[in-house]
Each structure stands twice: as structure tokens, then as C-alpha cells.
Amino acid sequence: MNQYTKTDIWRMVEEEDVEFIRLQFTDIFGMLKNVAITASQLEKALLNECMFDGSSIEGFVGIEQSDMYLHPDLNTFAIFPWRPQQGKVARIICDLYTADGKPFCGDCRYVLKRAVEDAASMGYRFDVGPECEFFLFHQDENGKPTTESTDHAGYFDLGPIDFGENARRDMVLTLEDMGYEVEASHHEAAPAQHEIDFHYDEALAAADNIMTFKLAVKTVAKRHGLFASFLPKPRTGENGSGMHVNMTLLKDGKNIFCDGTDRNGLSQEAYWFIGGILRHIRGIAAITNPLVNSYKRLVAGFEAPTHIAWSAGNRSSLIRIPSARGNSKRVELRNPDPACNPYLTFAVCLEAGLDGIRHQIMPPAAVAENVYALKEQEQKQLGIKLLPADLGEALDELEKDELIKGVLGAHITEKYIAAKRAEWADYCSHVSNWEIEHYLYKI
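The present account deals with the structure reproduced in this document. (Residues numbered from 1 in each chain as written. Predicted model: local features only at pLDDT ≥ 70, side-chain atom pairs only at ≥ 80, totals over all residues. Heavy atoms only, no water.)

## Thoughts on the layout of surface pockets
A probe matching the size of a water molecule, rolled over the atoms, marks out where space remains unfilled.
Okay, so step 1: Each pocket or cavity is described by its volume, and for the largest pocket that value is around 670 Å³.
Okay, so step 2: Elements represented by at least two residues in the lining of the largest pocket include exactly β7 (125-138), β8 (182-187), β9 (193-198) and β12 (243-251).
Okay, so step 3: Its residues assigned to classes, the lining of the largest pocket comprises 10 nonpolar, nine polar and 13 charged. (1 Å grid on protein atoms, 1.4 Å probe; cavity = no way out; pocket = protein on both sides within 12 Å on 5 of 7 lines; lining within 4 Å. Points joined across faces, edges and corners; volume = space filled by probe spheres on them. Helix = DSSP H or I, 4+ residues; strand = E, 2+ residues; numbered from the N terminus. Nonpolar A, V, L, I, M, F, W, Y, C, P; charged D, E, K, R; others polar.)

Given below as C-alpha cells:
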């Protein structure tokens, strides 16, 4: 991670001819926000004196306590390579503070920082490697996004079959220009679906990277006349997009999940970490899968998990343990999707895992069989439960999980659940084209 000082920021702004600086933050629903300032206002920003109206951001505060302050994290300074080379544009990710100088309890970055500090109090560093999938669609004549594409490529296909190859290459080059270490990129299973994987990083940096990644992907796609969508399930009958989260705990620089004497290569702490996540996963789902649309991805037949089970390799399970050993040993959680707020997602996953370690929660036996193929009676015999079937059920489970609500804090829990309840109610009352097509002529 960078270790910039205020002097470093001034020097880079002057040497690189930076004219605009975007002070960025993320709201509780995972939407990136920013206030743009000119270089002439940089000193004010570096003194934490840039203020904004928090009441205008959904889920933040009311008008009676609306003044909020942006505290730039200097280590997140980066120049956007897609902007002009004269009068460049840079960004700094900010933490949010109230007028009395305290961290804002509704700042999702603060929530993750608290979780990371909790792990540090136990001697752990939490590293995360996300695998983010997305679709590249055409735009209509007015520049509005569609779900249409002439791409018919499949998993690992390449050009000229892969119509998005050039755009994906430019995305990778852009990310590398910004300092990302991109490990791999490829066409995914569904037509027009793609994946770009970047290197493991400490949890806070990884969450920051995801927000910048999504912005970069959308920007580069637009330059190619395409629309990049991170919607979990944009097309009926096709695989949806996930954001598998690979997790590792380090202690004194050593991966504590690895034990070469264990048949699965896992340490006792790794088993407990898995046990904690499995115990809380139904309460976590409303965070990792935050949309009505998220649950249309989590259905059988499309390579997305539906059952609460783990396996040492079986990709039908919710948690998979990839075969890598040594410092590469990791726990892969497969239900999160790219619509989630990465700060909140990493925070609840980490605290659920730490709860497993603290209380020595052993997971059930690993499932070697294809979970999708198991009959209902077999699932019951193995003690396998299901993930929430829809957003409404997921919110019910979140409201019952005191640990996860404690991780989020009272403010975010209340605002998040209220907004998502309204979203779910609106969806349930909406009359869809499917209903008209299937019932209108019959009734």
C-alpha cells in the first residue's frame, strides 16, 4: 500500500499537471459518490475542511444534522488514465466525519475499518481476492443501456468469437496504469459475460479497489460503445454474475489457514472460520446479495450456490477450498455478487469468521457430492439448509442475526433494512410483463 504524505500529494499534483481532484466515498448501498474540486482547493481538502450535505445522500442523515466532512485517505491518491493528459483528473477516497470531528457511523468504510481492527486485536491481517464478473451490452441509438449483444462466446473463448476482447484488454491496461496487479482476465460462461481478477490485498485496499475497478470498467466500456453491467442476473436463462470472495487470515506474515498435515490442507482456525461464516450466512445474505435481482442468480442450474454447504473443491458448494497450498490456501465464498457494497460485505464476512474462531464453531462435514443433484431427503440427512430464496427472506434473517447487526451498527442496520424493505415491497406490488403474458388471456 502507498504511504503518501501531504507533501507527496502536492508534488504529484504539480508534476502531473492535475487540475481536478475527485473526493470520493461510497454510500451504504454501494454507490460511488464524489465531490470534485480544483487543485486550488487542495489545501482545504488536505486540512479535512471540505464539507458536504449528508442529508442529500440516501441512508445518511436528516437535514437537522446534515453537515459532514470529507477526510481524504492520502494513500488512495490515483490519477485517472482515461482523462485528458493536460489538466489531469485524480481521485482520493475519503472517510466521513461529523461536524463534531467523530467518524460517521454510517460510513461503510469505517465499518470495515472497525472489523479490520478487531481482527488485528487477535493478531490477524485479513486479505481478500475478489473475482468480479460483468456483462458488456450494446447501447441503443440514444446511448441508453440494453441487455442485447451479438456476442455468443462461452467460457475462456477468445477473439474473434469474443467480441468484448478488445474492450477487456483496454480495461486491464487501464487498471495496470492505476497500479492494479491484474492476475487474469477472460470471457465467462454466458454470452457477453467477462471476468477480471486482481491480486490479493488487505481488505480495506481491496474494497477501495473494487469501487475503482467498477468505475474504470464502465468508463472504458463506454469508450468502446458498450455498457458494462454489474447486475447479478440481467438475462433470463443465462448464468448470472458473481463476485466470489477469496479470504485469508495472516498472522506474522504467515497464512494461518494452511496445515499440510490435514487432509484438506486446512488449519483448525480455518475450520472455525468456515464454521462461523456458515452459521451466519443467512443473516449475511442481505448484504452480499442486496438486490431483488440478486436472488434470481441464486437458483439451481446456473453454477451459483443455493445450499449452505462447504467442500474441498466442489464448485456446487457455497464455500469452496481451492487446491492451492501454503500461503495461497484460502476460503472462497461463492454467493456474493458485484452489486454488493464491498466494504460491508468484507466486514460481515470477516466478523462472522472471527466469531467462528472465538467460539470454535466447527462446520458440518464437507460435501463431496454435487449439491444440486442431492434429493431433498439427502439434503436433510446431511443437515444442508438453503440460502434465502428472495430479498424479503434475507432481510428477515438479517433482522434475527445480532452479530451481523452489531457489525453494521444501529444506524446502517436501520437505514439499510428500511430502504430494502421498501424496495422489496415495491417489487412485490409491481405487475410484471411475465404475469400479463402468462395470465391475461387465461383469466
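## Some thoughts on the pairing of β9
Okay, so step 1: The element β9 is largely enclosed, with a buried count of six among its six residues.
Okay, so step 2: Neither face of β9 is exposed, since Q193, E195 and D197 on one face and H194, I196 and F198 on the opposite face are all buried.
Okay, so step 3: Relative to β9, β7 runs antiparallel, the two sharing five bridges. Bridge assignment links E133 to a residue of β9, and that residue is E195.
Okay, so step 4: As paired strands, β8 and β9 are joined by five bridges and run antiparallel to one another. Pairing of H187 across the sheet is with H194, part of β9.
Okay, so step 5: A loop of five residues connects β8 with β9, the two strands running antiparallel in sequence, and A192 in this loop sits at a positive phi of about 70 degrees. (Buried < 20%, exposed > 50% of the residue type's maximum accessible area, 1.4 Å probe, protein only. Pairing = 2+ DSSP bridges.)

## As for helix α4 (residues 165-177)
Okay, so step 1: Between its terminal C-alpha atoms α4 stretches 18 Å, which fits the 18 Å expected from 13 residues at 1.5 Å a residue.
Okay, so step 2: Against β7, β8, β9, α5 (203-223) and β11 (226-229) lie the buried residues of α4.
Okay, so step 3: At the C-terminal side of α4, G179 shows a positive phi close to 100 degrees. (Expected span 1.5 Å × (residues − 1). Contact = heavy atoms within 4.5 Å.)

## Quick look at the packing of aromatic side chains
Okay, so step 1: Under the defined criterion, the tally for this structure stands at 14 aromatic pairs.
Okay, so step 2: Ring centres 5.6 Å apart and planes at 45 degrees place the aromatic pair F134 and F230 in the tilted group. Taken together, the residues F134 in strand β7 and F230 in the loop between β11 and β12 connect sequence positions 96 residues apart. Comparing F134 with F230 shows no difference in burial state: the two are buried.
Okay, so step 3: Ring pairing ties together the aromatic residues F134, Y180, F198, F213 and F230, which thus form one cluster. (Phe/Tyr/Trp six-rings, centres within 6.5 Å; stacked < 30°, edge-to-face > 60°.)

## So, a negative patch on the surface
Okay, so step 1: A surface patch of like charges, here negative, comprises E176, D177, E181 and E183.
Okay, so step 2: For E181, a relative accessible area of 48% translates into the label partly exposed. (Patch = residues over 30% accessible without salt bridge, like charges linked within 9 Å, V, L, I, M, F, W, Y side chains within 5 Å. Areas by Shrake-Rupley, 256 points an atom, 1.4 Å probe, with all protein chains shown as cover. Salt bridge = Lys/Arg side-chain N within 4 Å of Asp/Glu carboxyl O. Lys, Arg positive; Asp, Glu negative; His and termini not counted. Charge placed at Lys NZ, Arg CZ, Asp CG, Glu CD.)

## Some points on the environment of L32
Okay, so step 1: Positionally, L32 belongs in strand β2 (residues 32-38).
Okay, so step 2: On the accessibility criterion, L32 (30% relative accessible area) is partly exposed.
Okay, so step 3: Considering only alpha carbons, one finds L32 and G253, 221 residues apart in sequence, at a separation of 32 Å.
Okay, so step 4: Residues within four places of L32 in sequence aside, it is in contact with Q24, F25, T26, M211 and L215.

## Remarks on helix α8 (residues 342-358)
Okay, so step 1: End to end, α8 covers 24 Å across 17 residues, agreeing with the expected 24 Å (1.5 Å per residue, within 8%).
Okay, so step 2: Counting buried residues in α8 gives 16 out of 17 residues, a clear majority hidden from the surface.

## Description of the pattern of salt bridges
Okay, so step 1: The tally for this structure, following the rule as stated, stands at 20 salt bridges.
Okay, so step 2: Here K400 makes a salt bridge to E397, at a shortest N to O gap of 3.1 Å. One end of the pair, K400, and the other, E397, are both in helix α10 (residues 391-400), three residues apart, so they sit about a helical turn from each other.
Okay, so step 3: Under the relative-accessibility criterion, K400 is labelled exposed at 57%.

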